[in-house]
Amino acid sequence: VQNKDSATTKQLNQQYFQYTHQALVQHVDSTIALIDELTRKAMSYDISTHPRVPVIVAHNNLVRETFGKVKDELYQMMQ
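Residues numbered from 1 in each chain as written. Predicted model: local features only at pLDDT ≥ 70, side-chain atom pairs only at ≥ 80, totals over all residues. Heavy atoms only, no water.

Regarding the overall build of the protein chain
Of regular secondary structure, the protein chain possesses two helices and zero strands. Against the globule reference of 12 Å for 79 residues, the protein chain gives a C-alpha radius of gyration of 19 Å, more extended than a compact globule. Seen through its principal axes, the protein chain has C-alpha atoms that stretch 60 × 30 × 15 Å. In the protein chain, 59% of the contacts between residues at least 6 apart in sequence involve partners at least 24 apart. Surface exposure of the protein chain reaches about 6,500 Å², of which carbon and sulfur atoms provide 57%. Looking at charge distribution, the protein chain has the averaged site of its 8 positive side-chain charges lying 3 Å from that of its 8 negative ones. (Helix = DSSP H or I, 4+ residues; strand = E, 2+ residues; numbered from the N terminus. Rg over C-alpha atoms; globule rule 2.2 N^0.38 Å. Contact = heavy atoms within 4.5 Å. Areas by Shrake-Rupley, 256 points an atom, 1.4 Å probe, with all protein chains shown as cover. Lys, Arg positive; Asp, Glu negative; His and termini not counted. Charge placed at Lys NZ, Arg CZ, Asp CG, Glu CD.)

Next comes the structure, spelled out in structure tokens:
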């Protein structure tokens, strides 16, 4: 939208909200699933040969928690 036309921007956001929302939910869900998979994989490594595993798992948990909060917010938007 050109020239900061807020009315047109608002109208387009409302018109395409359901599609944007659906795409965001799919992205968040797939990211959470990937994080879970990668965390399981990281936890399968021997810490004595892969000493960074606890840091990686902690980071994955933080990212998963953040995406979980986003998922909750997306769910609330549809209420």
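A few points about helix H2 (residues 53–77)
The end-to-end C-alpha distance of H2, which contains 25 residues, comes to 36 Å, matching closely the 36 Å that a straight helix rising 1.5 Å per residue would cover. Looking at H2, one finds that the buried residues are Val 53, Val 57, Asn 60, Gly 68 and Leu 74. (Expected span 1.5 Å × (residues − 1). Buried < 20%, exposed > 50% of the residue type's maximum accessible area, 1.4 Å probe, protein only.)

Things to note about the packing of helix H1 (residues 6–43) against H2
The relative placement of two packed helices is expressed as an angle between their axes plus a distance between the axes. Following both chains from N to C, one finds H1 and H2 inclined at 155°, their axes separated by 9 Å at the closest point. In terms of their interaxial angle, H1 and H2 are classed as roughly antiparallel. Classified by chirality, the crossing of H2 by H1 is left-handed. For the contact of H1 with H2, the residue count by class is 17 nonpolar, seven polar and four charged. (Axes fitted to C-alpha atoms, helices over the stretch in contact; angles between N-to-C directions. Parallel < 35°, antiparallel > 145°, perpendicular 65-115°, else oblique. Left-handed = near helix turned anticlockwise from the far one by under 90°. Nonpolar A, V, L, I, M, F, W, Y, C, P; charged D, E, K, R; others polar.)

A few points about the packing of aromatic side chains
For the structure on display, the rule yields one aromatic pair. Taking the centre distance of 6.3 Å and the plane angle of 50° together, the rings of Tyr 16 and Tyr 19 count as tilted. Placement of the pair is Tyr 16 and Tyr 19 together in helix H1, with a separation of three residues, close to one helical turn. Here Tyr 16 falls in the partly exposed class, since its relative accessible area comes to 40%. (Phe/Tyr/Trp six-rings, centres within 6.5 Å; stacked < 30°, edge-to-face > 60°.)

Some remarks on the pattern of salt bridges
For the coordinates displayed, the defined rule picks out three salt bridges. With a shortest N-O distance of 2.5 Å, Arg 64 and Asp 36 are connected by a salt bridge. You can see Arg 64 sitting in helix H2 and its partner Asp 36 sitting in helix H1, a full 28 residues away along the chain. Residue Arg 64 is classed as partly exposed on the basis of its relative accessible area, which comes to 34%. Overall, the relative accessible area of 22% leaves Asp 36 in the partly exposed class. With a closest N to O distance of 3.5 Å, Lys 69 and Glu 65 form a salt bridge. With Lys 69 and Glu 65 both in helix H2, this residue pair falls four residues apart, about one helical turn. We classify Lys 69 as exposed; its relative accessible area is 51%. (Salt bridge = Lys/Arg side-chain N within 4 Å of Asp/Glu carboxyl O.)

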